[in-house]
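# What the coordinates show
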Amino acid sequence: MAALVVVGGLVLGACGYDPPEQTAPTGEQALVVPAPSPTTTTTTVPPGGRVPTPEDPLRVLLAGDSVMADLAPAAIDALNRGGATEARFGASPGLVLEPTAEAVWRQQLESFDPEVVVVLVGTWEIGDRLGTPGSEQWRARYDAEVLDPFVELVTSQGAEVIWVGMPAVEEPDSTLVLVELNSAYEDLEDRFPGVR
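Keep in mind that this is a model prediction, so the values were computed, not measured. (Residues numbered from 1 in each chain as written. Predicted model: local features only at pLDDT ≥ 70, side-chain atom pairs only at ≥ 80, totals over all residues. Heavy atoms only, no water.)

### Observations regarding the overall build of the protein
Regarding its fold elements, the protein presents five helices and four strands. Of the regular secondary structure in the protein, the N- to C-terminal order runs α-β-α-β-α-β-α-β-α. Counted over contacts in the protein with a minimum sequence separation of 6, partners at least 24 positions apart contribute 68%. Accessible area of the protein: about 12,000 Å², with a carbon and sulfur share of 58%. (Helix = DSSP H or I, 4+ residues; strand = E, 2+ residues; numbered from the N terminus. Contact = heavy atoms within 4.5 Å. Areas by Shrake-Rupley, 256 points an atom, 1.4 Å probe, with all protein chains shown as cover.)

See below:
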């Protein structure tokens, strides 16, 4: 009986019931546990400003290179499974805003209107035209010519950006380049409040 009372108290406590102070029973008195009062649940609006529902799901666009293409099916399945998210992979020619890439990005942003864009890109994004990764010249040009215009475009309709850095790879030279890229992506948060 004592175990049942302890378990009942734990359940009531977990449900938000705060019993009034009682005196210990004496003699033939029975221990009576009052029925729990109804618990009120409040919902806090998330930072995005709304609670997604199946009727009005959170729209998530996953974008990037072949690594994201490999990751996207599992991520999309996990995100869409709950019913309050609509996630899709956005194939694109890259971040570099040449006319073709920019047109593809604009079309995807206008047709899907994502609220969250998750980006994962690797060393193929660098190209030869910006100089050597790690140099001051490369970083200044990569920020000004690639990252900032890309983020401005992607966030132009109010989307938040989650940038996923690339992990280390087998080739040490490629890993050093990825360190430089990840540093550039991390610094975006200082310039753009909608980037994490």
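### Overview of the pattern of salt bridges
If you walk through the whole model with that rule in mind, you get 13 salt bridges. In this structure, Glu102 engages Arg106 in a salt bridge whose closest nitrogen and oxygen atoms are separated by 2.9 Å. Of this pair, Glu102 and Arg106 both sit in helix α3 (residues 99–112), four residues apart, roughly one helical turn. Because the salt bridges share partners, they merge into one network encompassing Arg50, Asp56, Arg59, Asp113 and Glu115. (Salt bridge = Lys/Arg side-chain N within 4 Å of Asp/Glu carboxyl O.)

### Some details on the packing of helix α4 (residues 136–154) against helix α5 (residues 172–191)
Where α4 contacts α5, the axes come no closer than 11 Å and their chain directions differ by 55°. The orientation of α4 with respect to α5, classified from their angle, is oblique. Crossing of α4 against α5: the hand is right-handed. Two secondary-structure elements touch here, α4 through Trp138, Arg139, Tyr142, Asp143, Leu147, Asp148 and Val151 and α5 through Glu180, Leu181, Ser183, Ala184, Tyr185, Asp187, Leu188 and Arg191. Tallied by class, residues from the contact of α4 with α5 come to eight nonpolar, one polar and six charged. (Axes fitted to C-alpha atoms, helices over the stretch in contact; angles between N-to-C directions. Parallel < 35°, antiparallel > 145°, perpendicular 65-115°, else oblique. Left-handed = near helix turned anticlockwise from the far one by under 90°. Nonpolar A, V, L, I, M, F, W, Y, C, P; charged D, E, K, R; others polar.)

### What about the pairing of strand β1 (residues 58–64)?
Most of β1 sits inside the fold, with five of its seven residues counted as buried. Of the pairings in the sheet, the one linking β1 to strand β2 (residues 85–90) comprises six bridges and is parallel in character. Across the sheet, the residue bridging to Ala63 is Gly90, located in β2. Both β1 and strand β3 (residues 116–120) contribute to a ladder of five bridges, which runs parallel. Looking at the pairing, Ala63 lines up with Val119 of β3. (Buried < 20%, exposed > 50% of the residue type's maximum accessible area, 1.4 Å probe, protein only. Pairing = 2+ DSSP bridges.)

### Observations regarding the confidence of the model for the protein
Regions with low pLDDT should not have their predicted coordinates read in detail. On average, residues of the protein carry a pLDDT of 77, and 69% of them reach 70 or more. The secondary-structure element of the protein with the lowest mean pLDDT is helix α1 (residues 2–14), recorded at 30, while strand β4 (residues 160–163) shows the highest, at 95. (pLDDT = per-residue confidence, 0-100.)

### Quick word on the sheet that holds β3
With parallel pairing, the four strands of this open sheet are ordered in space as β2-β1-β3-β4. The open sheet has two free edges, formed respectively by β2 and β4, since each of these has just one partner strand. Neighbour-to-neighbour, the strand axes of this sheet turn through a mean angle of 20°, independent of strand direction. Contacts between helix α2 (residues 66–81) and the sheet are confined to β1, β2 and β3, with β2 contributing the most and set at about 170° to the helix.

### Let's talk about α2
Over its 16 residues, α2 runs 23 Å from end to end, which matches the ideal 22 Å to within 8%, given 1.5 Å per residue. Of all the bends in α2, the largest measures some 40° and sits at Ala72, one to four residues before the proline Pro73. Along α2, the residues classified as buried are Met68, Ala72, Ala75 and Ile76. Packed against the buried residues of α2 are β1, β2 and β3. A distance of 3.1 Å separates the backbone nitrogen of Val67 from a side-chain oxygen at the start of α2, and that oxygen is part of Asp65. Positive backbone phi, approximately 90°, marks Gly83, located one or two places after α2. (Expected span 1.5 Å × (residues − 1). Bend = angle between axes of the 7 residues up to and from the residue. Polar contact = N/O pair within 3.5 Å; in protein donor to acceptor, adjacent residues only side chain to side chain.)

### Some points on the nonpolar core
Core analysis: the biggest nonpolar cluster contains 39 residues, and Leu95, Trp105, Val119, Tyr142, Leu147, Phe150 and Trp163 have the highest contact counts within it. For this core, the element with the highest residue contribution is α4, accounting for eight residues. (Core = buried A, V, L, I, M, F, W, Y, C linked by side-chain atoms within 4.5 Å.)

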